Structure formats: C-alpha cells, structure tokens
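The primary structure of each chain is shown beneath.
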Amino acid sequence: MSKVTVVGAGNVGATCANVLVTCQIADEVVLLDIKEGVSEGKAMDIMQTANILGLQTRLIGVTNDYEKTADSDVVVITSGIPRKPGMTREELIGVNAGIVKSVTENVLKYSPNAVILCVSNPMDTMTYLIHKTTGLPKNRIIGMGGALDSARFKYFLSNALGANAVEVEGIVIGGHGDTTMIPLTRYAAYRGVPASNYLSEEELGKVAADTMVGGATLTKLLGTSAWYAPGAASAQVVGAVLHNQKKLISCSALLDGEYGESDLCIGVPCIIGKNGIEKIVEFELNDAEKELFHKSAEAVHKTNAALAGAL
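Since this is a predicted model, take the numbers as computed values, not measurements.

How each quantity is defined
Residues numbered from 1 in each chain as written. Predicted model: local features only at pLDDT ≥ 70, side-chain atom pairs only at ≥ 80, totals over all residues. Heavy atoms only, no water. Patch = residues over 30% accessible without salt bridge, like charges linked within 9 Å, V, L, I, M, F, W, Y side chains within 5 Å. Areas by Shrake-Rupley, 256 points an atom, 1.4 Å probe, with all protein chains shown as cover. Salt bridge = Lys/Arg side-chain N within 4 Å of Asp/Glu carboxyl O. Helix = DSSP H or I, 4+ residues; strand = E, 2+ residues; numbered from the N terminus. Buried < 20%, exposed > 50% of the residue type's maximum accessible area, 1.4 Å probe, protein only. Phe/Tyr/Trp six-rings, centres within 6.5 Å; stacked < 30°, edge-to-face > 60°.

Visitor: Explanation requested: a nonpolar patch on the surface in the structure shown.
Guide: A cluster of nonpolar residues, Ile 81, Val 95 and Ile 99, forms a patch on the protein surface that exposes about 220 Å² of accessible area. Looking at the element boundaries, Ile 99 is found in helix α4 (residues 93–110).

What follows is the structure in structure tokens.
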C-alpha cells in the first residue's frame, strides 16, 4: 500500500491530489489544509468521480490533523501564499518560510521516513530550508520546479515544431525563476533528432524566452499562479518515487560539487526512484551554458541569504 500526503488544498495541491487519484498513482492520498472544510470538500468532490472513472485510489481530506498523514511514503508541500500579478517568486520568502518549516516538522513527526517534495515558492530556497532545518539525507528532499519548467519548455517546443508534445524532449536547469532558469535548447529534440535541425536559432531562442516567463505569463492571464501543470508535475515526481521508475527529471537538488556548485538547491537532471534523488546527472555544458548556470546559482544563493531568520 502506497500513501501520499499533499499539504495545502489550494489550486496546486488539489490538482496534484486529483492527478494522483485519477491516474491511480498511489493507493491512498491524504489532502490536508489549515482551513476548515476546504480539503474535505475538495476530496469529496474528487472522490465522487470514482464510480464514473472506475478509480481505486482512496482520497481523504483533513483539517490540520497530521496524525492522519502517518506512514506516508511521500509528502508534497504546496503550502504558502501564491503569486499575484507582478510578484516574483522571491517576494514570497518571508511568509512561506515559516509555513514550510512548520509543515515539515509536523509531517516528519508521523512520517519520519518520507520523501519530501517541495512545491512552495520560492521553491529552490524553500527546498534548501527543508534541508537545513531537518537534517534529512539529501536524496529524500526534492524541489519540483525543474519538472514544471521542463514541461513548459516542451509545450512551447512542440508548438514551434507543430509536433505532438509527447514526442519532443527538452530539459530546463537552473533556478526556478523567470530570470534564472536555463532551457537547454542545444539538447532539445524531436523523436531523437536535434530540434535545431527543424528550428532556426531565432526560433529556439523564442521558445526559451517564452519558457522563462511561462509562469509569469499565466499569472498575468489568470490573476494568480498556475495550477494544472504544477499539480501534474508534482504528481509525476511522486509517481517516479512510488513506482521506482528511475526517471530522468529536472529537480531542485542539494549540490555538493556537481556542476561546480555547493550548498544550494537548484534545478539539475536527476534520476528519481524509490529513494528520491538517486543520482544527479551531469550534462556536458558548453562555456555559455556554464556561465548561465553559475549566474543562476549566484541568484539562488542571494535569495537563500534572506532565510537567516528562519534557520
């Protein structure tokens, strides 16, 4: 029996829970929120599709009762305030740091062996906070951002190619921010063939630029942060852990010399399996890509410096 807890029943958390249930990724899912009735109502709504869709996964909603989350294999933390139009992810740090720290302490009381997936923004810094405040082995703490950024990259790439989205490959590394993420256009491919065979340098540059502002674009259109793709990306990482899929997914991982960086969490290609981050894969970067990565790392270090009061 596999069990997943999703903390935060807002748009992203509820979507993650919905994907976990409708794709039957886990046997049992607990959706927890601090606001009375919200998680219960959303869980009930989702479970009323069970007969229609032929679902076997069990979902329950609870209000602030962490005991119900006991023995979870994976805990997804989506808690915190979402972005508003014009806000950066970094501007959320003050409020969300306290929330993420408290949630992590509570879930680990009842699920000390869980893999933690951090979704809360600023995601790289919140993932780093979890590392610094829990002392868990670094493989058991994953930041979701790169999975989402890479999905957005493949969306824009498939549109530019006029191709089926499931037949394109692309990965984004670096910080989960509008100016810090790095879509690796050189590695983008369509059915194994470099995308540069089909798209000009200018076209690939536009795909990368659209990817980098993908979240901000949606925030402007929706009036709040996106949720369908973030929720699905979170569920994808959970599935890779629960089913030991050994999938290569870009995730925020604690670096210890990889890519020439240390003591920060940032998006890099990872093999995700039952132990969480089982391996960090070091792509061969050219000089321009290395420079972009180091600049991204500097920006993440700067944001982490604002954590001093929460550590």
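Visitor: What is the right way to look at the pattern of salt bridges in this model?
Guide: Proximity of charged atoms lets side chains of opposite charge pair with each other. For the structure on display, the rule yields nine salt bridges. Lys 68 serves as the salt-bridge partner of Asp 65, at 3.6 Å between the closest nitrogen and oxygen. A salt bridge links Arg 191 to Glu 167; the nearest nitrogen and oxygen atoms lie 2.7 Å apart. One end of the pair, Arg 191, is in the loop between β10 (189–190) and β11 (193–194); the other, Glu 167, is in the loop between α6 (145–161) and β7 (168–169), and 24 residues separate them in sequence. Glu 167 sits in the partly exposed class, given a relative accessible area of 27%.

Visitor: It is not clear to me how the packing of aromatic side chains should be interpreted in this structure. Could you clarify?
Guide: The description of two aromatic rings rests on the distance between their centres and on the angle between their planes. Following the criterion strictly, the structure yields five aromatic pairs and no others. Summarising the aromatic geometry, the rings of Tyr 190 and Tyr 198 are spaced 5.8 Å apart at their centres and angled 75° between planes, so their arrangement reads as edge-to-face. Of the residues examined, Tyr 190 reaches a relative accessible area of 23% and is grouped as partly exposed. When its relative accessible area of 44% is taken as the criterion, Tyr 198 is described as partly exposed.

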